[in-house]
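# A structural walkthrough
What follows is the residue order along each chain.
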Amino acid sequence: MIRYGQQDITQADIDAVIAVMKSVNLTQGPAITQFEQSVIAHCGAKHAVAVNSATSALHIACLALGLGPGDLLWTTPNTFVASANCALYCGAQVDFVDIDPQTWNLSPQALEAKLIAAEKAGCLPKIVVPVHLTGQPCDMKAIHALSQRYGFKIIEDASHAIGGRYKGESIGSGRYSDITVFSFHPVKIITTAEGGMALTNSDELAIRLGLLRSHGITRDPDLMTQSMDGPWYYQQVALGFNYRMTDIQAALGVSQMTRLNSYVARRHEIAQRYNQLLADLPLTLPWQHPDSYSAWHLYVIRLQLDKIQRTHRQVFEALRAKDIMVNLHYIPIHTQPYYAKMGFKSGDFPEAEKYYSEAISIPMFPTMTEAQQDEVIAVLKEALGA
Ligand SMILES: *Cc1c(COP(=O)(O)O)cnc(C)c1O
């Protein structure tokens, strides 16, 4: 069986985890800071706040930026539900911006058109969440320019994109956004089992993210609103959560970070080999913008259905029947029943829907061998009837 994505755990990872388990601090210890510092060092951001998932990171990122009832958050329909749900957690509303047919990311042209209409209607978004789908960065410069003109904040959902670069700078540098979020779920680029992180260059946002991660409680006298009663004293100054990562997870993260660059380099090799060996098939392959160095979390093919005698579902099922555990990223969020109840319907975002009717994520992970890749390609050719 060849899965679409898979973690790589080495003996060094296991040793790092065991060392924490034998130490005093299983949580709230030094491994958290170490992990945050290693991600900061890689990305070039000023602050990082490790949490228990990217979903939690998105939630506290929205709260830190002041999202609440009466506010709007816009994102792409072609993403995991968490990119939109974060707004609903805050009592805000969600709307979507269709994708670019070439990059499959949120379209800056569609965003601009929707902003012009929203300004006239008096319903501009407070936050826009671009998602670096498959690890290919969005056109952040264009989105950032629009944020200056229309006054919205930007959270980059970079769950697919740690290790990637945009215009030569690491994703997470925060040059074109307020907060960047990473996921460390096992199928992502590096893993902490469950885990996420929020990065920012703002001192103020970093303080708020830190408070929201842990109950809104502080032991820092500078953040307290009344004087300390004594050395035991802590103060709750906001309503936060327990979104903390454990030191066991953070130690795994520190160990995984040492292989981030080699993982992404290997993903590039696999992608290039797919590009060559799939070039003559009735497929649209993932086009890459010259400004982007993708983290290649996913390798997505789109079937040219007018050129084959099979349906999308038949090709997908033929691959699965031969133990090629392909997947589909993503079902357009606005077509999910929970979102349909809010009034969204099929036809609202046609590019994302067309993508969904053709896309298949084929196996892509750094430990994939050439033999495994050859098998994927052979089964795919058969499945296409090519
Ligand atoms: C995986 C993923 C998330 C959620 O990450 P978790 O760490 O599992 O909470 C959010 N957005 C995107 C685009 C993802 O791929």
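Everything quoted here is computed from the prediction, not taken from an experiment.

The subject of this paragraph is the domain arrangement of the protein. As far as domains go, the protein holds domain 1 (2–257) and domain 2 (260–384). Centre-to-centre separation of domain 1 and domain 2, based on C-alpha positions: 25 Å. Each partner contributes to the interface: domain 1 provides 46 residues, whereas domain 2 provides 51 residues. Summed over both partners, the interface of domain 1 with domain 2 buries about 4300 Å², with 63% contributed by carbon and sulfur atoms. Of all residues in domain 1, I2, Y4 and W104 bury the most surface against domain 2, accounting for 22% of the area lost on that side. Counting every contact that joins domain 1 to domain 2 gives 1 salt bridge. Salt-bridge contacts for D291 lead to K167; the nearest nitrogen and oxygen are separated by 2.9 Å. Linking domain 1 with domain 2 are 24 residue pairs in polar contact (both at pLDDT 80 or more). Elements represented by at least two residues in the side of domain 1 that touches domain 2 include exactly strand 1 (2–3), helix 4 (82–89), strand 4 (93–96), strand 7 (165–166) and helix 8 (247–257). In terms of residue class, the side of domain 1 that touches domain 2 is made up of 22 nonpolar, 16 polar and 8 charged.

Moving on: the sheet that holds strand 8 (residues 169–170). What the 3 strands build is an open sheet, ordered 8-7-14; its pairing is antiparallel. Each edge of the open sheet carries a strand with a single partner, namely strand 8 and strand 14 (292–293). With 2 bridges joining them, strand 7 and strand 14 adopt antiparallel strand pairing. Across the sheet, Y166 pairs through a bridge with S292, a residue of strand 14.

Definitions and limits used
Residues numbered from 1 in each chain as written. Predicted model: local features only at pLDDT ≥ 70, side-chain atom pairs only at ≥ 80, totals over all residues. Heavy atoms only, no water. Domains from an automatic or database assignment. Contact = heavy atoms within 4.5 Å. Buried area = accessible area lost by both parts, 1.4 Å probe. Salt bridge = Lys/Arg side-chain N within 4 Å of Asp/Glu carboxyl O. Polar contact = N/O pair within 3.5 Å; in protein donor to acceptor, adjacent residues only side chain to side chain. Helix = DSSP H or I, 4+ residues; strand = E, 2+ residues; numbered from the N terminus. Nonpolar A, V, L, I, M, F, W, Y, C, P; charged D, E, K, R; others polar. Pairing = 2+ DSSP bridges.

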